[in-house]
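Overview (structure and organization)
These are the residues of each chain, in order.
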Amino acid sequence: MTSFKSTKYLPLVLAAAAFTGACQKQASSETTSTQVENTVAAAGQDSTAGKYLSQPLIPGMYTADPSAHVFNGKIYIYPSHDIEAGTPENDNGDHFDMRDYHVFSMDSVNGKVTDHGVALDIKDIPWAGRQLWAPDAAFKNGKYYLYFPVKDKQDVFRIGVATSTSPAGPFKPEAKPIAGSFSIDPAVFTDTDGTSYMYFGGIWGGQLQRWATGKYDSTAAPEPATGNALAPKMAKMRADMLGFDGPVKDVQILDQNGKPFPATDHNKRFFEAAWVHKYNGKYYFSYSTGDTHNIAYAVGDSPAGPFTYKGVILNPVEGWTNHHSIVEFNGKWYLFYHDTQLSGKTHLRNIKVTELTHLPDGTIQTIHPLKS
Ligand code: FUB
């Protein structure tokens with residue numbers, strides 16, 4: 001994620017300054033559970049609301065990168081918590097300078113959203129430097145696990161893990177990052193046999209390219225100019241969910257001819273925001289194409305891939321980044337995503353949800369986040 005200078009989408013600024021102030025106030029003081037009206041408050045003040053497929057789920061706080069899971073019959077959402085930190089914008093995404101996570105839950109997709117307060121604060125992570133980016137969560141053996149990318153004190157992105165007895169947190173971080181982890185955007189998928197895998201990685205500001213030789217190289221170009229695109233990564237999780245069980249491997253995304261995409265194919269190559277779901281016995285690996293702003297997907301027969309590219313799940317949203325999760329709830333499938341409807345600013349996003357449809361041939365119907 002980075003290079004947020006695209007003017008592809010013009011900002012919608014609707015009383016943004018007042019709204020930003022309110023958000024910051026809530027963000028800094030919120031520590032207990034509160035219920036917020038799902039969509040209505042934001043939509044009521046927004047004369048352009050009708051142009052969007054869905055309305056913001058959380059009108060009183062900026063949230064992004066929603067990882068949704070069903071725990072104990074409820075939907076729990078683990079998003080990034082965007083703030084106006086005042087950090088200048090640059091191509092490394094320094095202005096995404098987030099400092100804590102909140103967890104949200106919903107009893108139903110159109111019901112109220114409960115904010116469970118601060119689930120993890122950067123100041124409580126002993127090894128963290130800056131920038132809490134897109135998290136994910138998992139459940140195993142009676143415990144909940146929150147996985148998060150953050151730069152360490154040397155400014156290198158690593159992936160950490162924190163544990164809780166409740167899906168809402170608070171989460172207690174481990175003393176060190178996951179050994180062998182690097183880059184951003186962890187997504188943990190647990191297969192029907194109980195084995196869990198972490199998928200991760202992001203190029204440009206996500207630093208994946210700096211590990212291309214196996215060793216960290218801070219001078220690496222944001223991505224290769226020639227040859228194959230960089231592959232996202234995956235690792236099997238240990239039974240205790242606190243580390244990798246075996247080596248980190250490439251996730252192969254192939255075209256219809258079984259070939260990896262060239263680095264120059266920005267419409268289809270992996271950029272960031274990995275997610276895996278299983279449908280009808282097939283494994284769906286979805287991801288953001290970054291500077292071309294799509295959520296694309298590829299399908300495989302094993303959680304380790306290879307995955308064959310199938311198309312686009314979500315067309316570009318307002319804002320530079322596109323980041324999603326896919327979850328089944330009460331027999332229907334949902335796409336959680338974000339845009340910048342409430343702020344018009346790249347780094348102050350708001351999460352949304354819409355239904356997702358698997359077609360009879362196993363492909364996914366493309367979702368258009370803006371009504372034409
Ligand atoms: O929220 C910070 C970063 O922006 C995420 O880690 C990326 O996926 C992008 O959404």
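It should be emphasised that the depicted structure is a prediction, and the values quoted were computed from it without experimental measurement. (Residues numbered from 1 in each chain as written. Predicted model: local features only at pLDDT ≥ 70, side-chain atom pairs only at ≥ 80, totals over all residues. Heavy atoms only, no water.)

1. Side note on the overall build of the chain
A count of helical and extended segments in the chain gives 2 helices and 22 strands. Residues counted as buried form 59% of the 372 residues belonging to the chain. At a minimum sequence separation of 6, the contacts of the chain that also span at least 24 residues come to 57%. Total accessible area on the chain is roughly 14500 Å²; 51% of this is exposed by carbon and sulfur atoms. (Helix = DSSP H or I, 4+ residues; strand = E, 2+ residues; numbered from the N terminus. Buried < 20%, exposed > 50% of the residue type's maximum accessible area, 1.4 Å probe, protein only. Contact = heavy atoms within 4.5 Å. Areas by Shrake-Rupley, 256 points an atom, 1.4 Å probe, with all protein chains shown as cover.)

2. Notes on the environment of His 293
Here His 293 is to be found in the loop between β17 (282-288) and β18 (295-300). Taking the relative accessible area as the measure of exposure, His 293 reaches 3% and is therefore buried. Note: C-alpha distance between His 293 and Gly 319 (26 residues apart in sequence) is 9.0 Å.

3. Describing the sheet that holds strand β11 (residues 187-190)
Read across the open sheet, the 4 strands follow the order β11-β12-β13-β14; overall the sheet is antiparallel. This sheet does not close on itself; its edge strands, each paired only once, are β11 and β14 (249-250). Relative to strand β13 (residues 233-236), strand β12 (residues 196-200) runs antiparallel, the two sharing 4 bridges. Each residue of the ladder has a partner; that of Phe 200, found in β13, is Lys 233. (Pairing = 2+ DSSP bridges.)

4. Details of the nonpolar core
Grouped together as the largest cluster of nonpolar side chains are 39 residues, with contacts concentrated most on Tyr 147, Met 198, Tyr 199 and Phe 285. Per-element tally for this core: the top contributor is β12, with 4 residues. With sequence-adjacent residues up to four places away left out, Tyr 147 is seen in contact with Pro 135, Asp 136, Ala 138, Gly 160, Val 161, Ile 178, Pro 186, Val 188, Met 198, Met 237 and Met 241. Of all hydrophobic cores here, the second largest spans 25 residues; its members include Phe 71, Tyr 78, Ala 137 and Phe 157. (Core = buried A, V, L, I, M, F, W, Y, C linked by side-chain atoms within 4.5 Å.)

Without other data, these values stay purely geometric and don't point to any function.
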